[in-house]
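# A closer look at the structure
Single-letter residue listing:
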Amino acid sequence: YVRFYVDYGSGWEDAGVASINVHDVPAGVDCAGQPWSPLSYAASLKIDPYSSPCFFPRLPRVRAILSWKTVPDNPDFIPVWGNVVEDTIQIKPRYWFLKEYIDVVADLNKVEIAIPPDYEYAEELVIPKPDPGPLALVELAKVYGDELAVPSHRFGFTHLMEYMQGSPTSEQAFGAKVSEWASLDLDWASAIKTLLDGAGDVGYEELECLGLDNTLDRVEATFRVKRSSGYGGTLCQHGSTEYVAFWATFDDDCSWTYLGTADVQVHDISSIPAEGISYAAAMPVDLTHQRRDCSEARVVRLRAVLSWASAPSTTDPDAVPYWGNRIDRHVQIAPGPVLPPGTVVPLISILGGIPVQQIDTGSGLTIPSAHFSLLGGSAPADPNTMGRACPFARLVTVQGPAFVGYSYRVQVREVGSISWQTLNQNFTVTDQFGNTSTQSAVGDYYPYLSDADNQDNLLAVWSTADDTLWEVKLDIAGVAGFDQHRMQLHNSAPVADIHINILAGDCSKHTVGTLLDGTYIATDDYLSAYSIGSLPFTAPAGQLTPAGAQFTSTPVSGSAWTLDTATMKPCGYVLQIGVGSRAIYNSSPSYTSSSATVGFCLDAPA
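## Quick look at the overall build of the protein chain
Check the secondary structure of the protein chain and you find six helices and 34 strands. Principal-axis analysis of the C-alpha atoms gives the protein chain an extent of 100 × 75 × 55 Å. Each of the 606 residues in the protein chain was classed as buried or not, and the buried ones make up 43%. Here the contacts in the protein chain between residues at least 6 apart in sequence split such that 69% fall between residues at least 24 apart. Carbon together with sulfur atoms contributes 53% to the accessible area of the protein chain, which is approximately 29,700 Å² in total. A gap of 2 Å separates the mean positions of the 35 positive and 68 negative side-chain charges of the protein chain.

Written out as structure tokens, the structure is:
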């Protein structure tokens, strides 16, 4: 388990926990004779950070606690097996609010600007602003003068790369570049020589970690930005790009396979801490044809190449970047269906947010160890972590590996029916950069989208309505066979009810000190828990029975509750019962629930 905490300046806030499934992996060597150990894994977690406009860099501290077998439960947790690390990260700036912009303008001009009463919405009105273009060489030379001491082969790197990569092609254009440098008292030839002699410079940025996230099928690398300047401008300016290219050796001949390149925007930040700022670069990777049976460990060598302002080579994994470095790590690919390269087979990997291996093939319910796949294994299917079987409700997502160039069809039917229903409605997908688009079927078939265009490999969305056992089937146009799985649906809400038994009944008036009693109902075919409490004031400890959450799978009908009102305040009250189901709602760790109340009044004694 890795639990994350974030500190924006007011103390540690729990950001959540991710988990990684690890195993005994026999000792071995790779194709080059290098030992597998140690193996590198990645754990990641989405957060909804506090953001601010570009003029105020948001640089929170992050603490990560690694713990084997035991979930950390507080920021000071000391793991028996594992360790604790801290670092600084940078939150991407948000757009300005109109009110913020007006305040800055007023401050700069030393005037007061009042917002008319009819325009109070200005507090939340966002000002969209196009990204500024890169700074010109003359601007960079001015910004990075003697005070910031950024060398010309750094801030003029884009110009130098144009020359070294053969562009501009004309002698006239080349001469203009050299003349521009001379006019700024910059030595072109010296900068070229310094750049060539210093290839692989890690004085400004450096890769540090690399791993594979088997939960999300994603390669991830972290790199450190070390200086406050030399990155092409502030957060309110264009800045520059750090590129990370990923490679893997899947074959016994040690040949490298290019996986793709991720990029991260970086900027000059004057308030950077002494140890720098840590960034992560990540991208989805298709491992469909790289898996092995669980009887055989699948370990490969992974490589990441960091290059600033110029994308790394996509053909030469050994190419040394001018600014940046490369690192190799060994990673273990999670086992799964064995598909030789080039094989196209209909596959469903996740249903309703749960890996299909964690859904019982007969009952269609989750197994005790089931977890939500896209949440890093951090959320169990059973909301009360009791390992109970769970059904599915409302929107059920269907996910699986992509075979780009092919089209697929998803169908559903109730068990026992002979007729299949085709799912062909539009749904929304998200690419690796967080942009959304609409996936539409052509007839009954959807075209497969690449991992980059559909980072969650979402294949279909099914709107369910009943409480019966269904089957989900996927087939690929022109490909023999299909993949089929069962799912138990449960869309009925749990039943909650509560009443007062004494003669006056519900909604009656009593004197403080009266012992009230009654009955309640908490039923569901997949009951998770129920709780009874009083509002607006909580009954003193020991006076309400049962009190607090009751975690049980056994439906309760007509059971008794009691409330001793001896020390309660005179007031109007309600007793409320909340009943929760284990039915997984909308393919996420949210669940159906119901509630009921009964009212009464307490008067002061005469």
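So that's the structure; there's more coming.
## Things to note about the side chain of R301
For R301, the position within the fold is in strand β12 (residues 299-308). Judged by its relative accessible area of 16%, R301 falls in the buried class. Beyond its immediate sequence surroundings of up to four residues, R301 is in contact with D30, A32, W247, A248, T249, W256, D328, R329 and H330.

## Overview of the packing of helix α4 (residues 157-164) against helix α6 (residues 188-197)
Each packed pair of helices is defined by two parameters, the angle between the axes and the distance between the axes. The N-to-C vectors of α4 and α6 enclose an angle of 85°; their axes lie 11 Å apart at closest approach. Between α4 and α6, the interaxial angle falls into the category roughly perpendicular. From α4, F157, H159, L160, Y163 and M164 reach across to α6, where they touch W188, A191, I192, L195 and L196. Of the residues belonging to the contact of α4 with α6, the class tally is nine nonpolar, one polar and no charged.

## Topic: the state of the cysteines
As enumerated under the stated definition, the model contains two disulfides in all. The residue that forms a disulfide with C31 is C254, at a sulfur-sulfur distance of 2.0 Å. Between C31 and C254 the disulfide shows an S-S torsion of about 120°. By sign, it is right-handed. One end of the pair, C31, is in the loop between β2 (12-18) and β3 (61-66); the other, C254, is in the loop between β9 (240-249) and β10 (257-266), and 223 residues separate them in sequence. You can call C31 partly exposed: its relative accessible area is 30%. Residue pairing for C54: its cysteine sulfur links by disulfide to C236, the two sulfurs lying 2.0 Å apart. Its S-S torsion of about 95° marks the bond between C54 and C236 as right-handed, since a negative value means left-handed.

## Some points on the pattern of salt bridges
The full count for this structure, using the stated rule, is 21 salt bridges. Salt-bridge contacts for E471 lead to R413; the nearest nitrogen and oxygen are separated by 2.9 Å. One end of the pair, E471, is in strand β24 (residues 469-476); the other, R413, is in strand β18 (residues 407-414), and 58 residues separate them in sequence. By relative accessible area, which is 18% here, R413 ends up buried. What emerges from the salt-bridge pattern is a single network uniting D30, R301, R303, D318 and D328.

## With respect to the pairing of strand β33 (residues 571-585)
When a strand is regular, its side chains alternate between the sheet's two faces. Both strand β16 (residues 392-393) and β33 contribute to a ladder of two bridges, which runs parallel. In the strand pairing of β33, A393 is matched with Y585. Bridge count for strand β29 (residues 527-535) against β33 is eight bridges, and the pairing is antiparallel. Bridge pairing links L527 to S581 in β33. Bridge analysis of β33 against strand β34 (residues 588-603) gives 12 bridges, and the strand direction is antiparallel. By the bridge assignment, Q576 is partnered in β34 with T597. Hairpin geometry of β33 and β34 is characterised by an intervening segment of two residues between the two adjacent antiparallel strands and by a positive phi of about 60° at N586.

## Let's talk about the nonpolar core
Formed by 52 residues in total, the largest nonpolar core has its most connected members in F223, V244 and F246. Not counting the four nearest positions on each side in its chain, F223 is found in contact with E206, L207, E208, E242, V244, V264, V266, I277, S278, Y279, A281 and L306. Ranked by size, the runner-up nonpolar core spans 38 residues in total, among them V344, V396, F427 and L458.

## What to know about unusual backbone geometry
The peptide bond linking L535 to P536 adopts the cis configuration, its omega dihedral lying at 5°. Tracing the backbone shows P536 in the loop between β29 and β30 (544-545). Omega for the bond connecting T545 with P546 falls within 30 degrees of zero, at -5°, which places this linkage in the cis form. Here P546 is to be found in the loop between β30 and β31 (548-551). With a phi close to 50°, D217 is a non-glycine residue in the positive phi region. Mapped onto the elements, D217 comes out in the loop between β7 (205-213) and β8 (218-225). Even without glycine at this site, C254 takes up a positive phi of about 65°.

## Comments concerning the sheet that holds strand β26 (residues 495-500)
Reading across from one edge, β26-β28-β32-β30 is the order of the four strands in this open sheet, with antiparallel pairing throughout. Each edge of the open sheet carries a strand with a single partner, namely β26 and β30.

## A few points about the pairing of strand β25 (residues 483-488)
Pairing geometry for β24 and β25, over six bridges, is antiparallel. Residue pairing in the sheet places K473 in a bridge with Q484 of β25. The loop that links β24 with its antiparallel partner β25 comprises six residues; one of these, G478, has a positive phi angle of about 80°.

## As for α6
Given 3.6 residues to a turn, an α-helix orients residues that are three or four positions apart in the same direction. Residues W188, A191, I192 and L195 constitute the buried set of α6. End-on view of α6: buried residues confined to an arc of 100°, all on one side of the axis. Counted as exposed and oriented over 90 degrees from the buried face of α6: A189, K193 and D197. Of the residues that open α6, the one with a side-chain oxygen 3.2 Å from the backbone nitrogen of A189 is D187.

## Some words on the packing of aromatic side chains
Taken as a whole and judged by the stated rule, the model has 19 aromatic pairs. Each ring, one from W308 and one from W323, has its centre 6.3 Å from the other, and the planes form 85°; the classification is edge-to-face. Within this pair, whereas W308 is found in strand β12, its partner W323 is found in the loop between β12 and β13 (326-332), the two being separated by 15 residues in sequence. When sorted by exposure, W308 lands in the same class as W323, which is buried. Ring-pair connections join several aromatic residues into one group, and the members of that group are F157, Y204, Y231, W308, Y322 and W323. Positioned over the ring face of Y204 is R154, at 4.1 Å from the centre of the ring. Over the ring of W323 we find R154; its NZ or CZ atom is 4.7 Å from the centre of that ring.

The rules behind each value
- Residues numbered from 1 in each chain as written.
- Predicted model: local features only at pLDDT ≥ 70, side-chain atom pairs only at ≥ 80, totals over all residues.
- Heavy atoms only, no water.
- Helix = DSSP H or I, 4+ residues; strand = E, 2+ residues; numbered from the N terminus.
- Buried < 20%, exposed > 50% of the residue type's maximum accessible area, 1.4 Å probe, protein only.
- Contact = heavy atoms within 4.5 Å.
- Areas by Shrake-Rupley, 256 points an atom, 1.4 Å probe, with all protein chains shown as cover.
- Lys, Arg positive; Asp, Glu negative; His and termini not counted.
- Charge placed at Lys NZ, Arg CZ, Asp CG, Glu CD.
- Axes fitted to C-alpha atoms, helices over the stretch in contact; angles between N-to-C directions.
- Parallel < 35°, antiparallel > 145°, perpendicular 65-115°, else oblique.
- Nonpolar A, V, L, I, M, F, W, Y, C, P; charged D, E, K, R; others polar.
- Disulfide = S-S within 2.5 Å.
- Salt bridge = Lys/Arg side-chain N within 4 Å of Asp/Glu carboxyl O.
- Pairing = 2+ DSSP bridges.
- Core = buried A, V, L, I, M, F, W, Y, C linked by side-chain atoms within 4.5 Å.
- Arc of directions from axis to C-beta.
- Polar contact = N/O pair within 3.5 Å; in protein donor to acceptor, adjacent residues only side chain to side chain.
- Phe/Tyr/Trp six-rings, centres within 6.5 Å; stacked < 30°, edge-to-face > 60°.
- Lys NZ or Arg CZ within 6 Å of the ring centre and 35° of its normal.

Shape is all these values report; function is a separate question.
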